[in-house]
Amino acid sequence: MTLRLPRALGQNYAFVVAGVIFLSLLSAAALRSAPGVLMKPLEDAFGWNRGTISLAAGIGIFLYGMTGPFAAALMSSFGLRRVVVIALSIMALSTGASAFMTEPWHYVATWGVISGLGSGAVAMVLGATVVNRWFVTRRGLMTGLLTASTATGTLLFLPLMAWVTQQGGWRPVVIGIAAVMALLVPLAALLVPDRPSSVGLKPYGAGEDYMEPEAIPAGKALGYAFDALFRASRTRTFWLLFVGFFICGLTTNGLVGTHMIALCADRGMAPVQAAGLMALMGLFDLVGTTLSGWATDRYDPRKLLFAYYALRGLSLIYLPFSDFSIVSLSVFAIFYGLDWIATVPPTLRLANEAFGDRDGPIVFGWIAAGHQIGAATAAIGAGVLRAAQGRYLEAFVMAGAAGMIAAAASLSIRRPVLKPA
């Protein structure tokens, strides 16, 4: 890539990198949300049952999370740009290939396995890596912005995708997503260096005494990912963050992200109208998660997590007992959007405090894997419960109770005592 723009902008070039990553995360999250819109059209087109379709969504969510820690290690040893470009290319090819599917296993392979692996490298762990590598100050705020893109992309494009499926079926949706991914490949290749030193810069806010964390040697990335997990798993902090994030995933993209439109359809609401509520969540998530990043720079992240999880749990218990009027659903959408993934900035800060700048993003990748395991559990489990009982009541009440458990776990985390300068 040309050095002209980085040299002209200096440390502010970090915001250009963050902008490209924001768009990549936004688009990858839209891809991961598509199964929620495709559920009914695929059911109608092929006669597949909801449990089978939920299986593909669950596998994709699971691999999306499990890829994270290895992707973080690969970014350190093989380069950020190379990993992002390959991941975007994989997503473009797999979603494009799904336009020709005719059997359930085709859907599981393209949207579950292949796109799950590709999107796992363009996920929360990517945002954590970019923030740690390109920013010394304003880390909480930038974490909030990049995290918001993952949830906003999940929700914001749902009405458009729902409208497209009503007008032209499911194929235009998968072709459109593949095209967007393909367009991002050259953008990332041209504008995203591996690290600030690759273009003669220091991270935003870094002083002259800044020392860049040592890169993981090539060929040792996968082993280092497991080594970081081994070290972290011997601590209480890791498991409390893991449990909290497992429940975070269970209560957001696993349950609400995958099944909210179907729940509203069960109550007589049109898919486009239900997708509009999800988009409303996405817009308010952008506000809530960014504010959470700002607050994380200033307040105790454990208390923030307690508030987020407790309020989320109570709202999920309330939802199935509401009257499902447009007013009550809009209030729920605004509230839930503000809280959707506001948990990420305080969770990343606690991980960095406990495990350091080098191990922090990789350990956060393992914690984020817990997020996606929880999401996969809800995506599959709620589908199975709905198929067996004909309703979502138990799924939402159990998820709400889990939110209260996560709130209690968050307050139990111990922070390291920082020595005065």
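The coordinates are above.
Structure report, in brief.

The rules behind each value
- Residues numbered from 1 in each chain as written.
- Predicted model: local features only at pLDDT ≥ 70, side-chain atom pairs only at ≥ 80, totals over all residues.
- Heavy atoms only, no water.
- Axes fitted to C-alpha atoms, helices over the stretch in contact; angles between N-to-C directions.
- Helix = DSSP H or I, 4+ residues; strand = E, 2+ residues; numbered from the N terminus.
- Left-handed = near helix turned anticlockwise from the far one by under 90°.
- Contact = heavy atoms within 4.5 Å.
- Nonpolar A, V, L, I, M, F, W, Y, C, P; charged D, E, K, R; others polar.
- Salt bridge = Lys/Arg side-chain N within 4 Å of Asp/Glu carboxyl O.
- Buried < 20%, exposed > 50% of the residue type's maximum accessible area, 1.4 Å probe, protein only.
- Phe/Tyr/Trp six-rings, centres within 6.5 Å; stacked < 30°, edge-to-face > 60°.
- Lys NZ or Arg CZ within 6 Å of the ring centre and 35° of its normal.
- Patch = residues over 30% accessible without salt bridge, like charges linked within 9 Å, V, L, I, M, F, W, Y side chains within 5 Å.
- Areas by Shrake-Rupley, 256 points an atom, 1.4 Å probe, with all protein chains shown as cover.
- Expected span 1.5 Å × (residues − 1).
- Arc of directions from axis to C-beta.

Examining the packing of helix α12 (residues 236-254) against helix α15 (residues 301-318)
Two elements in contact, α12 and α15, have axes separated by 11 Å at closest approach and are oriented at 35°. Here α12 and α15 pass one another in a crossing that is left-handed. In this structure, α12 contributes Gly 244, Phe 245, Cys 248, Thr 251 and Thr 252 to the contact, and α15 contributes Tyr 309, Arg 312 and Leu 316. Grouping the constituent residues of the contact of α12 with α15 by class yields 4 nonpolar, 3 polar and 1 charged.

Quick look at the pattern of salt bridges
Per the stated rule, a full pass over the model turns up 9 salt bridges. The shortest N-O distance in the salt bridge between Asp 266 and Arg 386 comes to 2.7 Å. With a gap of 120 residues between them, Asp 266 in helix α13 (residues 256-266) and Arg 386 in helix α17 (residues 344-389) connect regions that are remote in the sequence. For Asp 266, a relative accessible area of 34% corresponds to the partly exposed category. In this structure, the salt-bridge partner of Arg 391 is Glu 394, at a minimum N-O distance of 2.4 Å. Taken together, the salt bridges that share partners define one network made up of Asp 300, Arg 302, Arg 349, Glu 353 and Arg 415.

Description of the packing of aromatic side chains
Two numbers describe a pair of aromatic rings. These are the distance of the centres and the angle of the planes. Scanning all chains against the criterion turns up 18 aromatic pairs. An angle of 15° between the planes, with centres 4.4 Å apart, marks the rings of Phe 46 and Trp 48 as stacked. With a relative accessible area of 8%, Trp 48 lands in the buried category. When the ring of Trp 239 is compared with that of Phe 242, the centres are 5.7 Å apart and the planes differ by 65°; the resulting orientation is edge-to-face. Remark: Phe 242 and Trp 239 occur in helix α12; sequence separation between them is 3 residues, near one turn of the helix. Directly above the ring of Phe 324 sits Arg 267, whose terminal nitrogen or CZ lies 4.1 Å from the centroid.

Remarks on the packing of helix α2 (residues 13-46) against α13
Contact geometry for α2 and α13: axes closest at 8 Å, N-to-C directions at 35°. In terms of crossing hand, the pair formed by α2 and α13 is right-handed. Along its contact with α2, which presents Gly 36, Val 37 and Met 39, the element α13 presents Gly 257, Thr 258, His 259 and Ile 261. Across the contact of α2 with α13, the residue classes tally to 3 nonpolar, 4 polar and no charged.

Some thoughts on unusual backbone geometry
Even without being glycine, Arg 138 reaches a positive phi, approximately 60°. The topology assignment puts Arg 138 in the loop between α7 (124-134) and α8 (139-156). Assessed through its relative accessible area of 47%, Arg 138 is described here as partly exposed. If you check the backbone angles, Phe 324 has positive phi at about 55° while not being a glycine. Tracing the backbone shows Phe 324 in the loop between α15 and α16 (326-339).

A word on the environment of Ala 128
Take Ala 128: it is sitting in helix α7. Measuring from C-alpha to C-alpha, the distance between Ala 128 and Ala 388 comes to 39 Å, with 260 residues separating the pair along the chain. Discounting chain neighbours no more than four positions away, the residues touching Ala 128 are Leu 348 and Phe 364.

Side note on a nonpolar patch on the surface
Taken together, Ile 86, Ile 90, Val 113, Ile 114 and Leu 117 make up a surface patch of nonpolar side chains, about 380 Å² in accessible area. Of all the elements in the fold, those that place two or more residues in the nonpolar patch are α5 (80-97) and α6 (104-120). Examining the composition of the nonpolar patch, we find that 3 residues originate from one element, α6, more than from any other. Structurally, Val 113 is set in helix α6. The class for Val 113 is partly exposed, based on a relative accessible area of 34%.

Focus: the environment of Val 136
Relative to the elements of secondary structure, Val 136 occurs in the loop between α7 and α8. A C-alpha to C-alpha distance of 6.2 Å links Val 136 and Pro 203, two positions 67 residues apart in sequence. Beyond its immediate stretch of four places on either side in the chain, Val 136 contacts Pro 203, Tyr 204, Gly 205, Ala 206 and Tyr 210.

Some points on the side chain of Ser 24
In this structure, Ser 24 sits in helix α2. Take Ser 24: its relative accessible area is 1%, and that puts it in the buried class. Apart from the residues lying within four places of it in its own chain, the contact partners of Ser 24 are Leu 88, Val 122 and Leu 184.

Section: helix α3 (residues 50-66)
Here α3 contains 17 residues, and its C-alpha end-to-end distance of 24 Å stays within 8% of the 24 Å for a straight helix at 1.5 Å per residue. Among all positions in α3, only Arg 50, Ile 53, Ser 54, Ala 56, Ala 57, Gly 58, Gly 60, Ile 61, Leu 63, Tyr 64 and Gly 65 are buried.

Some points on α16
With 14 residues, α16 extends 20 Å between its outermost C-alpha atoms, agreeing within 8% with the 20 Å of an ideal straight helix rising 1.5 Å per residue. The complete set of buried residues in α16 reads Ser 328, Leu 329, Phe 332, Ala 333, Tyr 336, Gly 337 and Asp 339. Each buried residue of α16 lies within a common arc of 160° when the element is viewed along its axis, so the set occupies one face. Opposite its buried face, α16 presents the exposed residues Val 327 and Val 331, each directed more than 90 degrees away. Where α16 is buried, its residues meet α12, α13, α14 (271-296) and α15.

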